[in-house]
Amino acid sequence: MKSLSLSMQKPLLSVIILLASILSKSTVQAQNPQWNAAEIKLNLEKLNVLGSVLYFAAHPDDENTRLIAWLAQEKKYRTGYLSLTRGDGGQNLIGTEQGIELGLIRTQELLAARKIDKGEQFFSSAYDFGFSKTPEETFAFWDKQRVLAEAVWLIRKFRPDVIITRFPPDARGGHGHHQASAMLAHEAFKAAADPKQFPEQLQYVKPWQAKRLLWNTFNFGGQDNTSEEQLQVNIGNYNALIGASYGEIAAHSRSSHKSQGFGSAAQRGSSIEYFEHVDGMPATTSLLDGIDTSWKRIPNSGTVQALIAKVNQHYQIDKPESVLPDLIQLHKSLDQINDDYWKNEKKKEVEKLILACGGIWFESIAKKPDYAIGDQIKVDNAIIARRPNVKVQLIKLNGQETHKNLVNNVLLKDSIAVRATNSTQPYWLVSPHAKGKFNVSDFNLTGYPENPNRPQVSFELNINGSLIGFDQPIQYKYTDPVRGEIYNPVVILPQLTAKSSSPLALTQNAKAVNVNLLFKKNEQNPTQSFNIQAIGAKGWEITPSSFDLQFDPGVSDLSKEITIKPLDATVSSIDTLHFQIDHKENLKETKTIAYSHIPEIVYFPDVSIKMSNINLNNEVKKVAYIHGAGDLIPESLSAIGIKVDVLTTDQLLKSDLASYDAIILGVRIFNVNKDITQIQHKLFDYVNAGGTVLEQYNVNNGLVSKNFGPYAFSLGRSRVTDELATVHFDEKDPIFNYPNKITKVDFDNWVQERGLYFAENIDKRYRTPITMQDPGEPLHKGSLLIAEYGKGKFVYTSLSFFRQLPAGIPGAYRLFVNLLSKSK
């Protein structure tokens, strides 16, 4: 039977490749590629392309996913996205994680996006400290010189022919981070080519001059920065091998940003992107004008060119193994070219193609999901070659001689033990971070989205007579009854971890609180003792401040109760309690973040207890809470003795609300709760009868309803990002006098911001007793709205209580309790 031609099978291939891309989104795939025939063909064609493009911006979601998909899959350039931050300072639409934890989620969402659009992902050490209005403020926190050095390093390492920014370096960029990213891109574009700039890097990389720097102009957010004079590129192509246009691929990719609520609809048809020249050689017809992206840019590459042409010419979609001999010869021939960069990149591409064409698959699976440092990881390895006439011998497994021949389409298994030497703590979290940057001591880790030194097993294979080595990360897998087979990275734990019964120790009016510490010995050593010391407790009495733990054989869990009390009862103070093990390293906690759209995340923050003494008068005993996008307000109120009933929409509609002192609506509830209009009538009846309803902030786009309260107001985009900005308030207003007397001190120590998405066009029946501003801006009055309605009180607040209460800010608690309380 004759082999089918590629053109005859394109419709079938399109279905196969689309299914593969959809199925791969919910699991972590093994490192060896599971490509279908169309994907193999795309990657064979890519062997002929030697162009590269680096997209440059500030956050997860800033990137143009359609452009990245088009560059990587239509033009087949090596395409990367440098997001300077991991998006730690944003809001979370799917859960309660904030800060570092949100950055961990968004890192994985970006990696999921890149799996779909086929770009590569990079990061700097800049920390997303929240919304910034100027690049000057941004650089004050980011350590500009360090981030510039990292950008230069990545350019020298990635060697892009063209660098493209998402934003301009001025006010049109909006967010201060956006403007700063464009400034850094321009400076790095020049500095990367200058051997006098960051010369310490030159022992690892060479200076690199990208040919041009472009700004990918845009028409969104009320701004149209495009013009007919700019370079225009149509990226609306339909790729028959993929079975989708780049607008469709981009929708899948962008929809990976689930924590930001960026589910996107597919777009089809012509799509013009605009580019403004910034620096370097101008382009007139294409992004890579004047740049040779063929093998002609590499001297003495004739043999390589001929082999690539031969492989593409003779590839048969139903017999991919037929090109294996030429791929193996190509792998050897690449060693003869003089350009190390393209040699290494193309060898990696060829190695993946060899595996795919040979139907070769392998994995390394740990017996357990986690181990401790020093443990032996028991690893079950499996390998199979599923195409005929492919001879594979497993020569070495992790350096151990095996010399086992694979029988066609028969799984070969072998078990080994691998010593766990290092914790799998994400490298950027090993050291405590500053307000605007992660402290990464090893500069060679710069850019990596994840730890590059994860536990792995090396496979040395003889494939049709040629020796090739592969590294396979060790994973743990299980079968979920709904999602099917799930892969997660194996976790290496510290030898001892602990968890506190509460991350907050709120001492009201200097009354002592008890906190229970639950210790877990993770390593396999049967007997061990540790000494634990409390540190960082100046101004606080910790009892006991030091104690010993003795784990007997068979015991892995112990608990210890400590008492926390402020030394000065008259002062509202905040501090953080940490612990050390044997006067050496900080005691860590094991924290897990689990969502179905990304791999399970496990990291190890310090065991810390936020200690806050609050001089608080509180008559609020019981409240109802309806979740929005997710926050930690219920837990925070429980810490001061308020009973919180978390109700669903159905429960609220069926409940007698008269038993509650107040009802609180979670952040962004008008953005995420499709039933919000159903419950508003009941909430207004509750207020009219004498109750209190407090609504937290919402975002002004994507609203289910715009009727937020009993009287009209709208939402804008104004915010105050300076968490220490002066707060002007009407001291005579009852809200600042009962049950707690609010003073300027109550606005001290706030974190990240004052408030966001302030109200506008406010009905005169609302009191607006607070005004505030960032430097150089007019006073904003929309952060707190209070209205008497019937016998009760309605409160709308854009103040960021969702950040302040979990941080233990005393004044925020005192003001929040006042807002919930019935006025005297």
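Treat the numbers as computed from the prediction; the structure is a model and nothing was measured.

Asker: Got a sec to walk through the overall build of the protein? Specific residues and values, please.
Answerer: Helix and strand counts for the protein stand at 17 helices and 43 strands. Its C-alpha atoms give the protein a radius of gyration of 29 Å, near enough to 28 Å, the size a compact globule of 824 residues would have. Its C-alpha atoms give the protein principal-axis dimensions of roughly 90 × 75 × 60 Å. Relative to its full complement of 824 residues, the protein shows a buried share of 56%. For the protein, the proportion of contacts with a sequence separation of at least 24, taken over those separated by at least 6, is 74%. Counting only carbon and sulfur atoms, one obtains 50% of the accessible surface of the protein, whose full area is about 33,900 Å². Positive and negative side-chain charges in the protein, numbering 90 and 88 respectively, have mean positions lying 3 Å apart.

Asker: Outline the side chain of R66, supporting the account with residue identities and numerical values.
Answerer: Along the polypeptide, R66 turns up in helix α3 (residues 65-74). No salt bridge is formed by the buried R66; its nearest oppositely charged neighbour, E273, is found at 4.5 Å. Of note is the side chain of R66, whose polar atom sits 3.4 Å from the side chain of S271. Those residues within four positions of R66 in sequence are excluded, and the remaining contacts are I235, Y246, G247, A250, Q267 and S271.

Asker: I'd like a description of α3, backed by residues and values.
Answerer: Most of α3 is tucked away, with nine of its 10 residues classed as buried. Between the side-chain oxygen at the start of α3 and the backbone nitrogen of R66 there is a gap of 3.3 Å, and the oxygen is on N64.

Asker: Kindly report on the packing of aromatic side chains, identifying the contributing residues and their values.
Answerer: One pass over the full model with this rule turns up 33 aromatic pairs. Between the aromatic rings of W153 and F443, the centroid separation amounts to 5.4 Å while the plane-to-plane angle is 80°, which identifies the pairing as edge-to-face. Of this pair, W153 sits in helix α6 (residues 144-158) while F443 sits in the loop between β17 (412-419) and β18 (456-463), and the two are 290 residues apart along the sequence. The class for F443 is partly exposed, based on a relative accessible area of 23%.

Asker: For the packing of helix α2 (residues 37-46) against helix α9 (residues 302-314), give the residues involved together with the corresponding values.
Answerer: Close contact between α2 and α9 brings their axes to 9 Å; oriented N to C, the two are set at 155°. Classed by the angle they form, the pair α2 and α9 counts as roughly antiparallel. In this structure, the crossing between α2 and α9 has a hand that is left-handed. Contacts from K41, L44 and E45 of α2 reach α9 at I308, V311 and N312.

Asker: Break down the pairing of strand β14 (residues 376-385) for me, citing the residues and quoting the values.
Answerer: Burial analysis of β14 places seven of its 10 residues in the buried class, which makes it a mostly covered element. Where strand β12 (residues 360-366) lies against β14, seven bridges are found, and the strand directions are antiparallel. The partner of S364 across the bridge, within β14, is N381. Bridge analysis of β14 against β17 gives eight bridges, and the strand direction is antiparallel. Looking at the pairing, K378 lines up with A417 of β17.

Asker: Outline the pairing of strand β5 (residues 212-217), supporting the account with residue identities and numerical values.
Answerer: Judged by how many residues are buried, β5 sits mostly within the fold: six of six residues are covered. Here β5 shows no split at all, with R212, L214 and N216 on one side and L213, W215 and T217 on the other all buried. Taking the sense of rotation as the criterion, the β-α-β connection linking strand β4 (residues 162-165), helix α7 (residues 176-191) and β5 turns out right-handed.

Asker: Outline the packing of α3 against helix α4 (residues 100-117), listing residues and values.
Answerer: With their axes 9 Å apart at the nearest point, α3 and α4 run at an angle of 45° to one another. With respect to α4, the axis of α3 lies oblique. In this structure, α3 contributes T65, I68, A69, A72 and Q73 to the contact, and α4 contributes R114, I116 and D117. Within the contact of α3 with α4, the residues separate by chemical class into four nonpolar, two polar and two charged.

Asker: Now, about the nonpolar core: what can you tell me, with residues and values included?
Answerer: Ranked by internal contacts, the top residues of the largest apolar core, which has 54 residues, are L327, L330, I360, I377 and L461. The greatest single-element share of this core, amounting to eight residues, is contributed by helix α11 (residues 340-357). Setting aside anything within four residues of it in sequence, one finds L330 in contact with L47, V304, L307, I308 and V350.

Asker: Pulling in residues and values, what's your account of the confidence of the model for the protein?
Answerer: Here the protein averages 93 in pLDDT, while 96% of its residues score no lower than 70. Contacts of residues 1-30 to residues separated by more than four positions or lying in other chains number 52 contacts, the stretch itself having pLDDT below 50.

So, how was this worked out
Residues numbered from 1 in each chain as written. Predicted model: local features only at pLDDT ≥ 70, side-chain atom pairs only at ≥ 80, totals over all residues. Heavy atoms only, no water. Helix = DSSP H or I, 4+ residues; strand = E, 2+ residues; numbered from the N terminus. Rg over C-alpha atoms; globule rule 2.2 N^0.38 Å. Buried < 20%, exposed > 50% of the residue type's maximum accessible area, 1.4 Å probe, protein only. Contact = heavy atoms within 4.5 Å. Areas by Shrake-Rupley, 256 points an atom, 1.4 Å probe, with all protein chains shown as cover. Lys, Arg positive; Asp, Glu negative; His and termini not counted. Charge placed at Lys NZ, Arg CZ, Asp CG, Glu CD. Salt bridge = Lys/Arg side-chain N within 4 Å of Asp/Glu carboxyl O. Polar contact = N/O pair within 3.5 Å; in protein donor to acceptor, adjacent residues only side chain to side chain. Phe/Tyr/Trp six-rings, centres within 6.5 Å; stacked < 30°, edge-to-face > 60°. Axes fitted to C-alpha atoms, helices over the stretch in contact; angles between N-to-C directions. Parallel < 35°, antiparallel > 145°, perpendicular 65-115°, else oblique. Left-handed = near helix turned anticlockwise from the far one by under 90°. Pairing = 2+ DSSP bridges. Right-handed = clockwise from strand over helix to strand, strands pointing away. Nonpolar A, V, L, I, M, F, W, Y, C, P; charged D, E, K, R; others polar. Core = buried A, V, L, I, M, F, W, Y, C linked by side-chain atoms within 4.5 Å. pLDDT = per-residue confidence, 0-100.

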